[in-house]
Amino acid sequence: MSAEVISELMREHIVKLVASGKRADGRVPEEIRPLKIRKNYIGTAEGSARVNLGNTDVLVGVKISTGEPYPDTPRSGVLTTSCELVPLASPTFESGPPSPTAIELARVVDRGIRETKTVDMEKLVITPGEKVWVVFIDIHALDYDGNLFDAASYGTLAALSCAKMPGRMTGGADKPLPVDHWPVSITAAKIRNTIVFDAALDEERIADARLTVAIDENGDVRAMQKGLSGSFSYDEVRYVISTARRLGNELRRTIQA
Amino acid sequence: MIMVDVEPVEKEIQLLDANERRLDGRALDELRPIKIEAGVLRRADGSAHVEWGGNRVLAAVYGPREAHPRHLQDPARALVQCRYNMAPFSVSDRKRPGPDRRSVEISKVTSEAFSAVVFTEQFPRTSVDVFIEVLQADAGTRCAGITAAAVALADAGIPMRDLVTACASGKIAGKVALDLNKEEDNFGDADCPMAIVPRTGEIVLLQMDGHLTEDEFDQAMKLSIDATKRIYEMQKEALRRRYSTVAFDEPRAPAEVSA
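Remember, predicted model here, so these are calculated numbers, not experimental data.

A. Local environment of the overall build of chain B. When its secondary structure is counted, chain B shows four helices and 10 strands. The order of helices and strands in chain B, counted from the N terminus, is β-β-β-β-α-β-α-β-β-α-β-β-β-α. Burial statistics for chain B: of 259 residues in total, 51% are counted as buried. Of the contacts made within chain B by residues no fewer than 6 positions apart, 71% connect residues no fewer than 24 positions apart.

B. A look at the overall build of chain A. The helix and strand tally for chain A stands at five helices and 12 strands. For chain A, whose C-alpha radius of gyration is 19 Å, the value lies close to the compact-globule estimate of 18 Å for 257 residues. Burial statistics for chain A: of 257 residues in total, 47% are counted as buried. Long-range contacts, defined here as pairs at least 24 residues apart, represent 69% of the contacts in chain A between residues at least 6 apart.

C. Broad picture of the interface of chain A and chain B. Contacts between the two partners involve 34 residues from chain A and, on the opposite side, 29 residues from chain B. Residue assignment for the side of chain A that touches chain B shows that the elements contributing at least two residues are helix 1 (8–19), strand 3 (56–67), strand 4 (78–84) and strand 6 (131–143) of chain A. Residue contributions to the side of chain A that touches chain B peak at five residues, all from strand 6 of chain A. Considered class by class, the residues forming the side of chain A that touches chain B number 14 nonpolar, 12 polar and eight charged.

D. Local environment of the nonpolar core. With 150 residues, the main nonpolar core has Ala59, Val130, Ala148, Ala149, Ala152 and Val164 of chain B as its most contacted residues. With 10 residues, helix 2 (residues 141–155) of chain B is the single largest residue contributor to this core.

E. Expanded view of the pairing of strand 6 of chain A. Residue and element names in this part refer to chain A. With respect to burial, strand 6 is a largely interior element, 11 of its 13 residues being buried. The pairing of strand 3 with strand 6 spans 11 bridges and is classified as antiparallel. Across the sheet, the residue bridging to glycine 67 is valine 132, located in strand 6. Note: strand 4 against strand 6, seven bridges, orientation parallel. Bridging across to strand 6, cysteine 83 finds its partner in isoleucine 139.

F. Fine view of the sheet that holds strand 12 (residues 221–227) of chain A. Residues and elements named next belong to chain A. The four strands are arranged 10-9-11-12 in an open sheet whose pairing can be described as antiparallel. The sheet is open, and its two edges are formed by strand 10 (194–197) and strand 12, each paired on a single side. Sheet twist, expressed as the average angle between the axes of neighbouring strands with direction ignored, equals 20°. Contacting strand 9 (184–191) and strand 11 (209–215), helix 3 (residues 148–161) runs over the sheet at an angle of about 175° to strand 9. Across the face of the sheet, helix 5 (residues 234–256) comes into contact with strand 9, strand 10, strand 11 and strand 12 while running at roughly 50° to strand 11.

G. Broad picture of the pairing of strand 9 (residues 202–206) of chain B. Residue and element names in this part refer to chain B. As paired strands, strand 8 (residues 190–197) and strand 9 are joined by four bridges and run antiparallel to one another. In the sheet register, methionine 194 faces strand 9, and the bridge partner there is leucine 206. What sits between strand 8 and strand 9 in their antiparallel hairpin is a turn of four residues, with glycine 201 showing a positive phi close to 80°.

H. Geometry of the confidence of the model for chain A. Per-residue confidence for chain A gives a mean pLDDT of 94, with 98% of residues at or over 70. At the level of individual helices and strands, chain A shows its lowest average pLDDT in helix 1 of chain A, which scores 91, and its highest in strand 2 (residues 47–53) of chain A, which scores 98.

I. Geometry of the packing of helix 2 (residues 100–115) of chain A against helix 3 of chain A. All names here are of chain A. It is the contact of helix 2 with helix 3, at a shortest axis distance of 10 Å, that shows an interaxial angle of 45°. With respect to helix 3, the element helix 2 is oriented oblique. You can see that helix 2 and helix 3 cross each other, and the crossing is right-handed. Judged by residue contacts, Leu105, Val108, Val109, Gly112 and Ile113 of helix 2 engage Leu148, Phe149, Ala152, Ser153 and Thr156 from helix 3. A class-by-class count of the residues in the contact of helix 2 with helix 3 yields seven nonpolar, three polar and no charged.

J. Looking closely at unusual backbone geometry. For the bond from glycine 63 of chain B to proline 64 of chain B, the omega torsion is 0°, close enough to zero to count as cis. Mapping proline 64 of chain B onto the fold places it in strand 3 (residues 55–66). A cis amide bond links histidine 68 of chain B to the next residue, proline 69 of chain B, at an omega of 5°. In this fold, proline 69 of chain B is placed in the loop between strand 3 and strand 4 (79–86). Phi is positive for asparagine 40 of chain A, close to 55°, though the residue is something other than glycine. Position of asparagine 40 of chain A among the secondary structure elements: in the loop between strand 1 (35–39) and strand 2. With 16 C-beta atoms counted inside 10 Å, the residue asparagine 40 of chain A sits in the partly exposed group. Positive phi outside glycine occurs at alanine 173 of chain B, with the angle close to 45°. Using a count of 18 C-beta atoms within 10 Å as the deciding quantity, one classes alanine 173 of chain B as partly exposed.

K. Local environment of helix 3 of chain A. Between its terminal C-alpha atoms helix 3 of chain A stretches 20 Å, which fits the 20 Å expected from 14 residues at 1.5 Å a residue. Here helix 3 of chain A lies mainly inside the structure; 14 of its 14 residues are buried.

L. Examining the sheet that holds strand 4 of chain B more closely. Residue and element names in this part refer to chain B. With mixed pairing, five strands are arranged side by side in an open sheet as 1-2-3-5-4. Among the strands making up the open sheet, the edge pair consists of strand 1 (34–38) and strand 4. In this sheet, adjacent strand axes meet at a mean angle of 15° when their direction is disregarded. Judged from the seven bridges that link them, strand 2 (residues 46–52) and strand 3 form a sheet pairing that is antiparallel. Across the sheet, residue histidine 49 finds its bridge partner in strand 3, namely leucine 58.

How each quantity is defined
- Residues numbered from 1 in each chain as written.
- Chains lettered and ligands numbered in written order.
- Predicted model: local features only at pLDDT ≥ 70, side-chain atom pairs only at ≥ 80, totals over all residues.
- Helix = DSSP H or I, 4+ residues; strand = E, 2+ residues; numbered from the N terminus.
- Buried ≥ 20, exposed ≤ 12 C-beta atoms within 10 Å, placed from the backbone.
- Contact = placed C-beta atoms within 7 Å.
- Rg over C-alpha atoms; globule rule 2.2 N^0.38 Å.
- Nonpolar A, V, L, I, M, F, W, Y, C, P; charged D, E, K, R; others polar.
- Core = buried A, V, L, I, M, F, W, Y, C linked by C-beta atoms within 7 Å.
- Pairing = 2+ DSSP bridges.
- Axes fitted to C-alpha atoms, helices over the stretch in contact; angles between N-to-C directions.
- pLDDT = per-residue confidence, 0-100.
- Parallel < 35°, antiparallel > 145°, perpendicular 65-115°, else oblique.
- Left-handed = near helix turned anticlockwise from the far one by under 90°.
- Expected span 1.5 Å × (residues − 1).

This is the structure:
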């Protein structure tokens, strides 16, 4: 992804705003943009969700088929997360093999899901060592207006929660994919010395550092990723985690609905 | 049409009943329901969403912008570069992400079709980039994609001689039929997608696979050309809707707060 040019005027404007506790779109620092989720958006997928987080628009599709387990985990299903930052979604996205950004995004989302045991992998075994359910999560960015990490994560959870294991593959009825946990990802951006949550594009473009935290339904931390070249103090990290715990509950209800 | 997922033919399925009704209840000369919406994406310079039967396609246009790699730049005109891409979840068996031979070919013929209508000489050294994303596929995705891309180009304000409108006809159970769906494409005898400049009648894309006699080809083209006239009206209607609402609309984003 090529770096996006932002004017000095815009940069100074946003820096001034966040330093005084305001944001360009009128939000307060700890405010998340409106979240809208449409589950089962795609008929050809076993599960899917279209997510609008403010103007960021992401489509997540879950494809489920049967296959062989990995030799080292014969009693476990297979789950893979991929992300395409297609050039349709932003002038800065280019066609070609997945960029490091796309790979990082897919891996951070994957980690949140995997570490929480959102999908009980043992329940995906059909015949141990031979046949298991294989779950592909594909994240397709459609409109990039900042904070793809969280939008992709909400979409993934929503798509998994409505996914069905297709009975036609095993000669039975469709069964819902077992989703046992609900990790909610919250990403904070640090601009100079101020932290804002769910950064919009202009904020994200000038952010010095980024921290993504996945919080489970008990308020425990299940995955984290710090990004960009700036840094966080230990107190700032604690502030991000405690704010994420607070914000996570309401978002979880929206994703579960 | 080359399908991404070809399911094994186990038994002959009956594509037409005694009254020449098709599996989805359509008559031979009937289109699937089509819905076109212009200006659906924020980042893109122009965009459109098309629902066409079970197809769902998004198109976005960026440009004219600097063409890169730079050695591709044409000092006399703009390039029109289309990229047709299928989402992995758009088909029944997951498609591996990234371009395959089929999508590269479709991208190429689509680029060529639009190069015929864009006033490329107005923007030397630049590129007009058209991105077509198939979100849900049900046969006829290239036609849906081209139809969407034409609306997206107009939405982006790219100067064009006219829109481009696409539709396919084919042959099922020995009869020429308009706008094949997935079963008809898989089990039918021929498929012939085309794209036309409706105002002038120039055919800017034409592909065919299967088996058609000369008469059948004539019938198929007549069906397609007639259908593109109806689709053309829907494209224009989508653009009118988009620009008649904008005039009375609230500002799209809240005005920036002054510091």
